[in-house]
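# Residue-level structure breakdown
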Amino acid sequence: MIPERVAAALAGAARPVCAYVYDTTVLRARAAAVRAALPPDAALLYAVKANGHPAVVAALAAATDGLEVASGGELALAREAGARRIAFSGPAKTRAELAAAVAVGVTVNAESVLEVRRLAAVAAGRPVRVALRVNRAGPGLPGSHQMAGTATPFGLDEAELATAVAVARTAPELDLVGFHLHAVSNNLDAAAHVAYVHEAVAWSRAAADRYRIELREVNVGGGFGVDYTGGRAFDLTALAGLPTGVPLVFELGRYLAADAGWYAAEVLDLKRTHGRWFAVLRGGIHHFRLPAAWGYSHPFDVLPMPPTEDVEISGVEVDAVGELCTPRDVLARGHRVDRLPVGDVLVFGKAGAYGWDISHHPPPEWSTWSVVWLIVYSARSTRSSSRRTSWQSRSGRTSTCADNAGRVEEISHTCRSCTSATPSIPASRVPTWAGSTPAGAPSSRMRPDARSSPTPAWTMSTATSSVAIASARAKPVSRMTSPASAVATSAYRSVSRCRNAPSMLRLVRSARATSQVPARLTGIPTSAVTRTKRPSTGGGCTSRWIASPPSHSASSSRVSPLACAERISARWSP
Ligand SMILES: Cc1ncc(COP(=O)(O)O)c(C=O)c1O
């Protein structure tokens, strides 16, 4: 079911529609519900990696006790959002990021002995709160992504804890406040979660005793789950069984943000090959990668729109596929549609967390893009090198979190989340915009996410090969520039605008309750038909689009106001 306000927002979007819509009222409601379910002395943080849209971050900074960040970019974002409290996790913090964290007084969740040593080195006399992130041997939790209790790059092995404490003790600036024990992402079993928190608290108390740490923080991480394909829900009432009188910290991402976001993509073509129907979308996994990353079909609803072409299918199962030239660009498979015309918009709910933020989107002003990998194999050793086209160094998101795991796509580029503007990084060591700036771009500043690290595409053949994969579209999402109006994203002209693109629609207030938008079109023809009609006239609205009861009437009631909410990568601002 598409919420009326979301439909109304999309009705005002530029065609072809391709947008994320966020509803900040949902974010606030979610945070309030969790807050009410947690013990009063527990802190609730929002994990920015789930969705770094500034409007989302600002809404949740206000509705929670603070923010958890995993990069220098996210740290800057959290500060801009006015977070009252910040925790800095992540297994690959640089000295510059640590220095920035120390400067603004965040709690650093240290993930290795070396990181503790680095932190001590950069602290240089300034006090810093430190929690040791430990990957314990203890029992895990159910959930899609295990972070602890198994071999992962997250946290210290328990066997190294004594060393980490000893290193921390060599630096009087480091104030050991406790432990960080984030263990899993996307766990739907609330009772199991409660049991895990009890066990984590018991372990923390014992460890604190052993190492003579005054226990002021037990960060149990995030992990409350969201059921994307079924009707299960994480039962907040079970949290009544959580321990009290303990300085617990929760840092939730998915559960707070998922339900507040919708990804919408217009049907550009309908076709059948080898007996299967495909709805080809203006969009795809470069905007919404979660289904491909996790290998599931993300449910969608159809939003009727004024027609663009006179082609439709009805009563069939269809695969919702994107615009990339890869057969893996699939958002949903075998989804039954009663009626689906070209021009309607598929709306994917629960897209507010790990949607845009884990996707490999090219810069919006580029009409095509390409990736060239050159992997050279010699007889005795295999080595790889990559030649990055300019766009590659411009892309990337925080990719340290759960949802980037899973099936690897053909195109794989993973970028560090901090930027060339990170303090103390010499400019000469990072790429600049030179050679890749769109015509007219005057800025000579560093790109915000230049420090990216290519990951060779392992689907390459063993011969020296060069593969170009092209034609992801530009302008992946619409930009809402003024109340109730949307225009296509235009090419940006400077680095500072680069970080803002692509833009997203942001829903900030309720629409008047006058529009009726059905989740699906009515009428179920028995067989699949592709029908070509005469071109529509009269502004493109034939009765087929308007008269179908209760068809699209969202334009009669626009969301007001819809503020411009420009997208920002979780990168350090240049
Ligand atoms: C350290 C840390 N904290 C919190 C989270 C948020 O987890 P979730 O979105 O499952 O709540 C993550 C995500 O992987 C994480 O790595």
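Residues numbered from 1 in each chain as written. Predicted model: local features only at pLDDT ≥ 70, side-chain atom pairs only at ≥ 80, totals over all residues. Heavy atoms only, no water.

## A few points about the site of the ligand
- In the vicinity of the ligand lie 19 residues, with Ser-185, Gly-223, Glu-251, Arg-254 and Tyr-354 positioned nearest.
- The contact in question runs from an oxygen atom of the ligand to an N or O atom on the backbone of Arg-254, over 2.8 Å.
- A distance of 2.6 Å separates an oxygen atom of the ligand from a polar side-chain atom of Tyr-354. (Near = heavy atom within 4 Å. Polar contact = N/O pair within 3.5 Å; in protein donor to acceptor, adjacent residues only side chain to side chain.)

## Quick notes on helix H5 (residues 95-104)
- Here H5 has its buried residues at Ala-96, Glu-97, Leu-98, Ala-100, Ala-101 and Val-102.
- Buried residues along H5 sit in contact with helix H4 (72-80), strand E4 (86-88), strand E5 (107-110), helix H6 (113-123) and strand E6 (128-135).
- In the segment just after H5, Gly-105 is the residue with positive phi, at about 75°. (Buried < 20%, exposed > 50% of the residue type's maximum accessible area, 1.4 Å probe, protein only. Helix = DSSP H or I, 4+ residues; strand = E, 2+ residues; numbered from the N terminus. Contact = heavy atoms within 4.5 Å.)

## Details of the pairing of strand E12 (residues 248-252)
- For E12, the buried fraction is high: five of the five residues fall into the buried class.
- Both faces of E12 are covered, namely the face carrying Leu-248, Phe-250 and Leu-252 and the face carrying Val-249 and Glu-251.
- Both strand E2 (residues 43-47) and E12 contribute to a ladder of four bridges, which runs parallel. The residue of E12 that forms the bridge with Leu-44 is Phe-250.
- With three bridges connecting them, strand E11 (residues 217-221) and E12 associate as parallel partners. Bridge pairing in E12 links Gly-221 to Phe-250. (Pairing = 2+ DSSP bridges.)

## Let's talk about the pattern of salt bridges
- Under the definition given, this model contains 17 salt bridges.
- Ionic pairing is found between Asp-319 and Arg-276, a salt bridge with its closest N-O pair at 2.6 Å. One end of the pair, Asp-319, is in strand E16 (residues 312-321); the other, Arg-276, is in strand E14 (residues 276-281), with 43 residues separating them in the sequence.
- Since its relative accessible area comes to 37%, Arg-276 is described here as partly exposed.
- The structure contains a network of salt bridges with shared partners spanning Arg-30, Asp-259 and Lys-350. (Salt bridge = Lys/Arg side-chain N within 4 Å of Asp/Glu carboxyl O.)

## Structural notes on the packing of aromatic side chains
- Within the structure shown, the criterion is met by 15 aromatic pairs.
- On the numbers, 6.2 Å between centres and 80° between planes, the contact of Tyr-20 with Trp-356 is edge-to-face. On the criterion of sequence distance, the pair formed by Tyr-20 in strand E1 (residues 18-23) and Trp-356 in the loop between strand E18 (345-348) and strand E19 (372-375) is long-range, its members being 336 residues apart.
- Each residue in the set Tyr-20, Tyr-22, Tyr-263, Phe-288, Phe-300, Phe-348 and Trp-356 is aromatic and connected to the rest through ring pairs, giving one cluster. (Phe/Tyr/Trp six-rings, centres within 6.5 Å; stacked < 30°, edge-to-face > 60°.)

## Some remarks on unusual backbone geometry
- Along the chain, Arg-15 connects to Pro-16 via a cis peptide bond; the corresponding omega equals -10°.
- Relative to the helices and strands, Pro-16 resides in the loop between helix H1 (4-11) and E1.
- The backbone of Asn-186 shows a phi angle near 65°, a positive value even though the residue is not glycine.
- You can see Asn-186 is positioned in the loop between strand E10 (184-185) and helix H8 (190-211).

## Section: the pairing of E1
- Across the six residues of E1, six count as buried, placing the element largely inside the fold.
- Taking every second residue as pointing to the same face, both faces of E1 are buried, with Cys-18, Tyr-20 and Tyr-22 on one and Ala-19, Val-21 and Asp-23 on the other.

## Here's the deal with the packing of H6 against helix H7 (residues 161-169)
- For the pair H6 and H7, interaxial distance at closest approach is 9 Å and the crossing angle is 5°. Regarding the angle of H6 to H7, the classification is roughly parallel. Here Val-113, Val-116 and Arg-117 of H6 lie close against H7, whose contacting residues are Thr-163, Ala-164, Val-167 and Ala-168.
- For the contact of H6 with H7, a count of residues per class yields five nonpolar, one polar and one charged. (Axes fitted to C-alpha atoms, helices over the stretch in contact; angles between N-to-C directions. Parallel < 35°, antiparallel > 145°, perpendicular 65-115°, else oblique. Nonpolar A, V, L, I, M, F, W, Y, C, P; charged D, E, K, R; others polar.)

## A closer look at the confidence of the model for the chain
- Of all residues in the chain, 62% have pLDDT values of 70 or greater, and the mean over the chain is 72.
- Predicted confidence is poor over residues 508-574, with pLDDT under 50, and the contacts of this stretch with residues over four places away or in other chains come to 205 contacts. (pLDDT = per-residue confidence, 0-100.)

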